[in-house]
Amino acid sequence: EVMPKAELLDPQGKAVLGALSRLGDTRFSAVRIGKRFEVTVDGDVDDALLAEVRGLAEDMFSNSVIEDVVSVVVAP
């Protein structure tokens, strides 16, 4: 999962928050919108493979100037 850096504005999230407010739902104070990548691998997943995928996420899937890789997980 890749998210905009916390210190940067998230215009998409702000637009969704505004829409929620216009619909009368005021329970939410913030919305942030990110990206999720799913990578399918053949065989077992070990720590080395997870580290490789994290490297891909940091180098290819995200723009490190404005985004953070927040998680790399193995789905059940």
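Higher on the page you've got the structure.
Residues numbered from 1 in each chain as written. Predicted model: local features only at pLDDT ≥ 70, side-chain atom pairs only at ≥ 80, totals over all residues. Heavy atoms only, no water.

Peer 1: Quick one: what's the story with helix α2 (residues 47-61), residue by residue and with numbers?
Peer 2: For α2, which comprises 15 residues, the first-to-last C-alpha distance of 19 Å matches the rise-based estimate of 21 Å (1.5 Å per residue) to within 8%. Where α2 is buried, its residues contact β2 (67-69). (Helix = DSSP H or I, 4+ residues; strand = E, 2+ residues; numbered from the N terminus. Expected span 1.5 Å × (residues − 1). Contact = heavy atoms within 4.5 Å.)

Peer 1: Account for the side chain of glutamate 67, with residues named and values stated.
Peer 2: Within the secondary structure, glutamate 67 is located in strand β2. In terms of polar contacts, glutamate 67 uses its side chain to reach the side chain of lysine 35, at 3.2 Å. Among residues more than four places away in sequence, those in contact with glutamate 67 are Val2, Met3, Pro4, Lys5, Lys35, Phe61 and Ser62. (Polar contact = N/O pair within 3.5 Å; in protein donor to acceptor, adjacent residues only side chain to side chain.)

Peer 1: Account for the environment of serine 29, with residues named and values stated.
Peer 2: Mapped onto the elements, serine 29 comes out in the loop between α1 (11-22) and α2. For serine 29 and lysine 14, which are 15 residues apart along the polypeptide, the C-alpha to C-alpha distance reads 10.0 Å.

Peer 1: Let's hear about the pattern of salt bridges: which residues, and what values?
Peer 2: Throughout the structure, instances matching the rule amount to five salt bridges. As a salt-bridge pair, arginine 36 and glutamate 38 come within 2.0 Å of each other at their nearest N and O atoms. Just as arginine 36 is exposed, glutamate 38 falls in that class too. Arginine 54 is the salt-bridge partner of glutamate 58, the closest N and O atoms lying 3.5 Å from each other. One end of the pair, glutamate 58, and the other, arginine 54, are both in helix α2, four residues apart, so they sit about a helical turn from each other. Look at glutamate 58 and you get partly exposed, because its relative accessible area is 39%. On the basis of relative accessible area, arginine 54 is assigned to the partly exposed category, the value being 29%. (Salt bridge = Lys/Arg side-chain N within 4 Å of Asp/Glu carboxyl O. Buried < 20%, exposed > 50% of the residue type's maximum accessible area, 1.4 Å probe, protein only.)

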